[in-house]
Structure formats: structure tokens, C-alpha cells
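Commentary on secondary and tertiary structure
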Amino acid sequence: AILMPPLLILTSSNRLVQNRLSTLQAWMSKTFTKQLMLPMNFQGHKWASMLLALTLMLLSLNLLGLLPYTFTPTTQLSMNMALAVPMWLSTVLIGMRNQPTISLGHLLPEGT
């Protein structure tokens, strides 16, 4: 987690052979995305870039709190709710759209 912020600095070059920093960035994002998408099916892989960006944002904001005399924005309920409610609502609506009987089945008592 401490090595992650230096890797977030995007570098681009037109060279065929990449330098060490860009190779490390590509390896880190590939490994992280692979670990994030491991429990999901193939349709869930289209959310990889959004989930990766959200996780990296939360990681960098929480690492900001390790510095002295700084404020961590994720301590505020307003930011947490602003991130959580749209994610929860999108999960529920996509579940209702893709698998309506299974999603509605969660509203019934077990065994009915």
C-alpha cells in the first residue's frame, strides 16, 4: 500500500521497450485486477476499470491520513454515503434486470 502512490503517476512514452516504472505500473494493475476479478463471472469483468479506480482512490485517500496534520476525507459520513449508495443501487438494479426471479426471491422468507 505504501508503494502504490508512486505507481499512480502515469507515464507514457512512444518507445517500444518500456522503462522500469511503466513495467511496474502495468504489472501492479494487472495483478490487482486479476485478484479483484477472480471471484466474478465473465460478465462482471466489464466493471474492472471502475472497481480498480474506486479502490485506488480509496487507497490513496486513506494513505493520506498517515501523513501528520492531514485530514482523511473518508472519515466523513457524507463521502462514504456518496460512494456507497450509488454502488449499492446499481448492484440492486443490475441484479433486478439480469436475474429478476433470483433477485425478488431474496425478498421472500427462506423455504417459501
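Parameters at a glance
Sequence positions are assigned chain by chain, starting from 1 and proceeding in written order. Local features are withheld for residues below a pLDDT of 70 in this predicted model, meaning they are given only at 70 or higher, and side-chain atom pairs are given and counted only at 80 or more; totals for whole chains, interfaces and linings count all residues. The side-chain figures draw on all heavy atoms in the structure; neither hydrogens nor water molecules are used. Counting from the N terminus, the helices are the DSSP runs of H or I reaching at least four residues and the strands are the DSSP runs of E reaching at least two. Here's how the labels work: a residue is buried when its accessible area is under 20% of the maximum for its type, exposed when over 50%, partly exposed in between, all with a 1.4 Å probe on protein chains only. Whether two residues touch is decided by their heavy atoms; if any such pair falls within 4.5 Å, the residues are in contact. Each accessible area is a Shrake-Rupley result for a 1.4 Å probe, and residues are judged covered by the shown protein chains and nothing else. Residue count minus one, scaled by 1.5 Å, sets the expected span of a helix. UniProt positions are given in the numbering used here, feature names are shortened, and annotations may be inferred rather than shown by experiment. Any residue with an atom within 4 Å of a point lines the site, the site being either a cavity, points on a 1 Å grid over the protein atoms alone where a 1.4 Å probe fits but cannot get out, or a pocket, an open set with protein on both sides within 12 Å along at least 5 of 7 lines. Grid points are joined across faces, edges and corners, and a volume is the space filled by probe spheres set on the points. When residues are grouped by polarity, Ala, Val, Leu, Ile, Met, Phe, Trp, Tyr, Cys and Pro land in nonpolar, Asp, Glu, Lys and Arg in charged, and all others, Gly among them, in polar.

1. Quick look at the overall build of the protein chain
- A tally of helices and strands in the protein chain yields five helices and zero strands.
- Considering the protein chain as a whole, with its 112 residues, one finds that 13% of them fall into the buried category.
- Considering only residue pairs separated by 6 or more positions, the protein chain has 27% of its internal contacts joining residues 24 or more positions apart.
- About 9200 Å² of surface is accessible on the protein chain, with carbon and sulfur atoms providing 70% of the total.

2. As for helix α3 (residues 48–64)
- When the terminal C-alpha atoms of α3 are compared, their 24 Å separation across 17 residues agrees well with the 24 Å that a helix rising 1.5 Å per residue should span.
- Among the residues of α3, those classed as buried are Ala48, Leu51, Leu52, Leu56, Leu61 and Leu63.

3. Re the UniProt feature "transmembrane region" (unreviewed entry) in the protein chain
- The feature "transmembrane region" (unreviewed entry), as annotated in UniProt, sits at residues 47–71 in this numbering.
- As annotated, residues 47–71 comprises 68% helix and 0% strand, and the C-alpha atoms at either end are separated by 30 Å.

4. Here's the deal with the side chain of Ser103
- Tracing the backbone through its elements, the reader meets Ser103 in helix α5 (residues 100–105).
- In contact with Ser103, not counting residues within four places along its chain, are Gly95 and Met96.

5. Observations regarding the layout of surface pockets
- Counted as a void, the largest pocket has a volume near 520 Å³.
- Together, 20 residues line the largest pocket, and Trp47, Thr91, Ile94, Gly95 and Asn98 are the ones closest to its centre.
- Elements that contribute at least two residues to the lining of the largest pocket include exactly α3, α4 (77–98) and α5.
- Broken down by element, the lining of the largest pocket gets its largest block of residues, eight residues, from α4.
- Among the residues forming the lining of the largest pocket, the class breakdown is nine nonpolar, ten polar and one charged.

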